[in-house]
Structure formats: structure tokens, C-alpha cells
Amino acid sequence: MFKRILVAVDGSKTSLKALDKAIGFQKLMPETEIFILCVYKHHSLFEASLSIGRPADMDIPDKVLSDYAKEVVKHAKDMAIDHGATKVRGFVKSGRPSKVIVKFAQDKEADLIVVGTRGTHSDKDGMLLGSVSHRVASHAKCPVLVV
């Protein structure tokens, strides 16, 4: 049924629950590939200069965010393999998360996108869905499972 499942992760508990659902699908359909994607938001040097406090050896914010995103993907991929997933690939991209997730799904011809209800920057007392999961569900061309 699903040949390619895209799971968007950001290190939050809900994104790891989304990954767990994708692993469950793969166990039912062993030929399914799981694509793990972490998207970090690009920050300009101007935005970085607005910071109140800066360490002496400040890295460019994109490098720090990219390195963090790589760690998130590595952790998620290791978790997937530990839980029995077989065909797992990890990706890191920069940009507006919802747009990048939808475009990546189209480019990779994903049959399903799995996202958490809220990410690392969501208001716990706010809406039922986080803004990224809401936008992905609204704009994706394939089915979206919000966990």
C-alpha cells in the first residue's frame, strides 16, 4: 500500500511518536521505505547579530542548526533501526519546515507523510495542531497522518 513514508522529525516527543507509527507501517509492509527528514529554519547573519549575548567563538547559526538537525536525524534513524526498521534514510534540509516537507514529499514521491501534532516550538495550551502539522496537512498532495 505505502512504498515511501516521509516522517518529519524535530527531536520532539510527538515527532518520535510519528516515527514509531511509520515503523509500525513498515512492519506490516516490509517493502516500504522510510524517509526521515529534519528541517531547520535558515537564520541570516543579521538575525544572529540581534542576539543579546554572543559567545566569543560564535559559529554561523545555520551551521549550528544544521549540526543539530543532523544529530536529530541520526538519533531517529538509530531508533528506527533499533525498533526493527530496515529501509531507512535520513535527510536534513533548511527552509520553512511546512513548505520543505511538502516539497520533499513530492520530490521523493512519498505515499504518506507522518508528522507529530506539535513540534519543539509549539504552545502546549494552544491549538489542537501545531502550525507546521496544520500547514503540511493542508498543502500535501498525499495523505498525512498526524500523530
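Residues numbered from 1 in each chain as written. Predicted model: local features only at pLDDT ≥ 70, side-chain atom pairs only at ≥ 80, totals over all residues. Heavy atoms only, no water.

Trainee: Where do I start with the overall build of the chain in this structure?
Mentor: When helices and strands are counted, the chain shows five helices and five strands. Secondary structure elements in the chain, listed N-terminal to C-terminal, are β-α-β-α-α-β-α-β-α-β. Expressed as a percentage of the 147 residues in the chain, the buried residues total 37%. If you sum the accessible surface of the chain, you get close to 8,900 Å²; carbon and sulfur atoms cover 57% of it. (Helix = DSSP H or I, 4+ residues; strand = E, 2+ residues; numbered from the N terminus. Buried < 20%, exposed > 50% of the residue type's maximum accessible area, 1.4 Å probe, protein only. Areas by Shrake-Rupley, 256 points an atom, 1.4 Å probe, with all protein chains shown as cover.)

Trainee: Help me understand helix α3 (residues 61-82) in this model?
Mentor: Quick reminder: α-helices carry 3.6 residues per turn. Residues three or four places apart thus point the same way. The first and last C-alpha atoms of α3 sit 31 Å apart over 22 residues, in line with the 32 Å expected at 1.5 Å per residue. G84, located one to two residues past α3, shows a positive phi value of around 100°. (Expected span 1.5 Å × (residues − 1).)

Trainee: Explain the packing of helix α1 (residues 13-28) against α3 to me, please; I cannot follow it from the model alone.
Mentor: Helix-helix packing is described using two parameters, namely the angle between the two axes and the distance between the axes. Taken N-terminus to C-terminus, the directions of α1 and α3 make an angle of 35°; their axes are 10 Å apart at the nearest point. For the pair α1 and α3, the crossing hand works out as right-handed. Contacts between α1 and α3 involve L16, L19 and I23 on the former and, on the latter, H75, A76, M79 and A80. Tallied by class, the residues present in the contact of α1 with α3 amount to six nonpolar, one polar and no charged. (Axes fitted to C-alpha atoms, helices over the stretch in contact; angles between N-to-C directions. Left-handed = near helix turned anticlockwise from the far one by under 90°. Contact = heavy atoms within 4.5 Å. Nonpolar A, V, L, I, M, F, W, Y, C, P; charged D, E, K, R; others polar.)

Trainee: It is not clear to me how the side chain of S66 should be interpreted in this structure. Could you clarify?
Mentor: When you line up the elements, S66 lands in helix α3. Not counting residues up to four positions away in its chain, the partners in contact with S66 are Y40 and V92.

Trainee: Is there a simple way to think about the pattern of salt bridges in this case?
Mentor: Proximity of charged atoms lets side chains of opposite charge pair with each other. Enumeration according to the criterion identifies four salt bridges in this entry. Note that K63 is salt-bridged to D67, the shortest N-O span being 2.9 Å. One end of the pair is K63 and the other is D67, both in helix α3 and four residues apart, which spans about a single turn. (Salt bridge = Lys/Arg side-chain N within 4 Å of Asp/Glu carboxyl O.)

Trainee: So what exactly am I meant to see when it comes to the packing of helix α4 (residues 97-107) against helix α5 (residues 131-139) here?
Mentor: Packing of α4 against α5 leaves a shortest axis separation of 9 Å and a crossing angle of 35°. You can see that α4 and α5 cross each other, and the crossing is right-handed. For the pair formed by α4 and α5, the contact residues are P97, S98, I101 and V102 on the first element and V132, R135, V136 and H139 on the second. Across the contact of α4 with α5, the residue classes break down as five nonpolar, two polar and one charged.

Trainee: In this structure, what is going on with the packing of aromatic side chains? I would like to understand it.
Mentor: Given two aromatic rings, one states the distance between the centres and the angle between the planes to describe the pair. With the rule as written, the count across this model stands at four aromatic pairs. Taken together, a centroid distance of 5.7 Å and an interplanar angle of 85° make the contact between F35 and F91 edge-to-face. Note that F35 is positioned in strand β2 (residues 33-40) and F91 in strand β3 (residues 88-94), a separation of 56 residues in sequence. Neither F35 nor F91 differs from the other in exposure class; each is buried. Taken together, the ring pairs connect F35, F91 and F104 into an aromatic cluster. (Phe/Tyr/Trp six-rings, centres within 6.5 Å; stacked < 30°, edge-to-face > 60°.)

Trainee: Quick question: what am I supposed to make of the pairing of strand β1 (residues 4-8) here?
Mentor: The side chains of a regular strand alternate between both faces of the sheet. In terms of residue burial, β1 counts as a mostly covered element, since four of its five residues are buried. Relative to β2, β1 is paired through five bridges, and the arrangement is parallel. Paired with L6 across the two strands is F35, which belongs to β2. Relative to strand β4 (residues 112-115), β1 runs parallel, the two sharing three bridges. Looking across to β4, one finds that V7 is bridged to V114. (Pairing = 2+ DSSP bridges.)

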